[in-house]
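Here's the letter readout for the chains.
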Amino acid sequence: MNSKFYKLPKNIEFCKLCVISNQRPSSVVEFKHTINQKKPTIQFEHGVCSACNYKKIKKNIDWNIREQMLKKLLDKHRKNNGSYDVIIPGSGGKDSGYVSHILKYKYGMNPLTVTWSPHLYTDIGKINFYNWINHGGLDNVLFTPNGSLQRYLTKEAFKNLLHPFQPFIIGQRMIGPKFAIKYNVKLIMYGETAGEYGGNQNENKIPVMNEKYYTSQSYNKLYFGGKSINQILKKTNYKLSDFNPYLPIEKKEIKNKRFEVHHMNFYKNWDPQENFYYASKNLNFLPNQERTTGTYSKYSSIDDKIDDFHYYTTYIKFGLGRATYDACQEIRAEKITREEGVRLVKLYDSEFPKRYFNDFLDYIGIDKDNFFNIINKFRSKHLWKKIKKNKYRLRKTIY
Ligand SMILES: [Zn+2]
């Protein structure tokens, strides 16, 4: 695989203020074969990434005004008749925990939380899920998609895109609007945009999610796991109806429904660590006892055994592992310095996620050799130098 597959810049550059590089995709348009947008990777200006630039912009935002905007939006949708008035998609992690709890207890809404089940729950993930519902006092619908199809799509996404998390991301994005239609709710509140971490910066300027993320004109143009839906239907026994939970909503259907999909990071000064403190206090959210593989943190994305492979594959594809993503957030939130971040990246970024390796192989039904053949196929030459058989080194690192 070369740099063109994910449209990565050939010259690798690291941000002067955090530890991200210009190889980070700005977001993955999940229905397409690869990334299909004008600026496929995070943008740099005078050596500083767009996420760090946005941090400066955030400092000048009047969050009181934003809160007034939030209250106005909530008042517009508030029902006061016992019906649900806002849908909150989430797993019961620190972020969806925070959003759902403040909407119910601080702003007096009647939320319905909806969960696209993780591929493989971790023990701590399951405990936190029930703590969210039981301690948080929230209603929830746990949706578990067809396991056979989800395994198939996860395997294809791993094989063809080295993106095993793709089916989950699609499902998680669809579930909000779909349940809003089902329960006749006109407001959906997600956590943060990709723009918060350096994706399309226009997303930070407006609170509403672009319809393109959850609508479609025609199913013929959809891709799952790097294959068109027609290809999959021809080659397998799956039917179009099996894809129902993953399919976007038809544009004509949206026109009559008139619901709004918003992001909380437009209204609140988004800080994942503060969300963690809030969730610990109010929802009894528990961190892992040990640090997560590939990083030093204990509380981010810990509910799915596949998470480890999501971050391991970003390390292979973009040279950016889980410690990089965690350190960037904490540097920008001024919890750690850049020097500390560099040290943590150096210590943990390349760590292989051993603990759930067999679970992952069993889940997608491939063996170890096949796993590493696929992994090595996706090491772009501009990022990786082959040292000897099955041994590679990043050409340029932050350390
Ligand atoms: Zn930066």
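Predicted, not measured: the structure shown is a model, and the values here were computed from it.

Caption draft 1: Spatial organisation of the coordination of the zinc ion. Within the protein, Cys15 (SG), Cys18 (SG), Cys49 (SG) and Cys52 (SG) serve as the donor atoms for the zinc ion, at 2.3 Å. Each of the four donor atoms around the zinc ion contributes to a set of angles spanning 104 to 115°, which defines the coordination as tetrahedral. Motif for the zinc ion, donor spacing along one chain: C-x2-C-x30-C-x2-C. Taken together, the residues Cys15 in the segment before strand 1 (44-45) and Cys52 in helix 1 (residues 50-59) connect sequence positions 37 residues apart. Taking the relative accessible area as the measure of exposure, Cys15 reaches 0% and is therefore buried.

Caption draft 2: Quick look at a positive patch on the surface. On the surface, a cluster of positive charge is contributed by Lys381, Lys385, Arg393 and Arg395. Mapped onto the elements, Arg395 comes out in the segment after strand 13 (391-394).

Caption draft 3: Region of the structure containing the pairing of strand 5 (residues 139-143). In this structure, strand 4 (residues 111-116) lies alongside strand 5, joined through five bridges in parallel fashion. Note that in strand 5 the partner of Thr113 across the bridge is Asn140. After leaving strand 4, the chain enters helix 4 (residues 123-134) and then returns to the sheet as strand 5, a path that is right-handed.

Caption draft 4: Representation of helix 2 (residues 63-77). In this model, helix 2 (15 residues) spans 21 Å end to end at C-alpha, consistent with the 21 Å of a helix rising 1.5 Å per residue. Taken together, the buried positions of helix 2 are occupied by Trp63, Arg66, Glu67, Leu70, Leu73, Leu74 and His77. Viewed end-on, helix 2 has its buried residues packed into an arc of 120°, placing them on one side of the element. Opposite the buried face of helix 2, by more than 90 degrees, sit the exposed residues Asn64, Lys72 and Lys76. Looking at the packing, one finds that the buried side of helix 2 touches helix 1, helix 3 (94-106), strand 6 (187-190) and strand 11 (260-263). Backbone nitrogen of Asn64 and a side-chain oxygen of the N-cap are separated by 2.9 Å at the start of helix 2; the cap is Asp62.

Caption draft 5: Highlighting the packing of aromatic side chains. On inspection of all chains with the given rule, the structure shows 39 aromatic pairs. Between Tyr6 and Phe318, the aromatic rings sit 5.4 Å apart at their centres with planes inclined by 80°, giving edge-to-face as the arrangement. You can see Tyr6 sitting in the segment before strand 1 and its partner Phe318 sitting in helix 10 (residues 307-318), a full 312 residues away along the chain. For the residue pair Tyr6 and Phe318, the accessibility class agrees, reading buried in each case.

Caption draft 6: How the structure looks around the nonpolar core. Core analysis: the largest hydrophobic core is formed by 85 residues, its most contacted members being Ile20, Cys49, Phe158, Phe224, Phe243 and Phe371. Within the second largest apolar cluster, 18 residues are counted, among which are Leu74, Tyr98, Leu103 and Trp270.

Caption draft 7: How the structure looks around the pattern of salt bridges. Here the structure, examined in full by the defined rule, presents 16 salt bridges. Between Lys94 and Asp95 there is a salt bridge, with its nearest N and O atoms 3.1 Å apart. Given a relative accessible area of 8%, Lys94 falls into the buried group. When salt bridges that share partners are traced, they join Lys55, Lys59 and Glu334 into one network.

Caption draft 8: Looking closely at unusual backbone geometry. Positive phi, close to 55°, is recorded for Asn80, a residue that is not glycine. Relative to the elements of secondary structure, Asn80 occurs in the loop between helix 2 and strand 3 (86-89). The class of Asn80 is exposed, set by a relative accessible area of 68%. The phi angle at Asn284 is positive, at roughly 60°, despite the residue not being glycine. With respect to the element layout, Asn284 can be found in the loop between helix 9 (272-283) and helix 10. Residue classification places Asn284 among the partly exposed residues on the basis of a relative accessible area of 34%.

Caption draft 9: Just the environment of Leu120, in detail. Here Leu120 is to be found in the loop between strand 4 and helix 4. For the pair Leu120 and Ile306, spaced 186 residues apart in the sequence, the C-alpha separation amounts to 6.8 Å. Those residues in contact with Leu120 that sit more than four places away from it in its chain are Asp303, Asp304, Lys305, Ile306, Asp359 and Tyr363.

Caption draft 10: Molecular detail of the environment of Lys396. With respect to the secondary-structure elements, Lys396 resides in the segment after strand 13. Each C-alpha atom, one on Lys396 and one on Trp384, is 8.4 Å from the other, the two residues being twelve residues apart in sequence. Discounting chain neighbours no more than four positions away, the residues touching Lys396 are Ile12 and Phe14. Among the polar contacts listed, one links the side chain of Lys396 to the backbone oxygen of Ile12, at a separation of 2.9 Å.

Caption draft 11: Representation of the side chain of Lys227 in the model. By the element assignment, Lys227 lies in strand 9 (residues 227-228). In this structure the side chain of Lys227 is engaged in a polar contact, spanning 3.2 Å, whose partner is the side chain of Glu156. Filtering out sequence-adjacent residues up to four positions away, Lys227 remains in contact with Tyr152, Glu156, Asn160, Leu222 and Ile232.

Conventions adopted
- Residues numbered from 1 in each chain as written.
- Predicted model: local features only at pLDDT ≥ 70, side-chain atom pairs only at ≥ 80, totals over all residues.
- Heavy atoms only, no water.
- Donors = N, O, S within 2.8 Å, 3.2 Å for Na, K, Ca; no water.
- Tetrahedral: all angles 85-135°; square planar, octahedral: opposite > 155°, others 65-115°.
- Helix = DSSP H or I, 4+ residues; strand = E, 2+ residues; numbered from the N terminus.
- Buried < 20%, exposed > 50% of the residue type's maximum accessible area, 1.4 Å probe, protein only.
- Patch = residues over 30% accessible without salt bridge, like charges linked within 9 Å, V, L, I, M, F, W, Y side chains within 5 Å.
- Areas by Shrake-Rupley, 256 points an atom, 1.4 Å probe, with all protein chains shown as cover.
- Salt bridge = Lys/Arg side-chain N within 4 Å of Asp/Glu carboxyl O.
- Lys, Arg positive; Asp, Glu negative; His and termini not counted.
- Charge placed at Lys NZ, Arg CZ, Asp CG, Glu CD.
- Pairing = 2+ DSSP bridges.
- Right-handed = clockwise from strand over helix to strand, strands pointing away.
- Expected span 1.5 Å × (residues − 1).
- Arc of directions from axis to C-beta.
- Contact = heavy atoms within 4.5 Å.
- Polar contact = N/O pair within 3.5 Å; in protein donor to acceptor, adjacent residues only side chain to side chain.
- Phe/Tyr/Trp six-rings, centres within 6.5 Å; stacked < 30°, edge-to-face > 60°.
- Core = buried A, V, L, I, M, F, W, Y, C linked by side-chain atoms within 4.5 Å.

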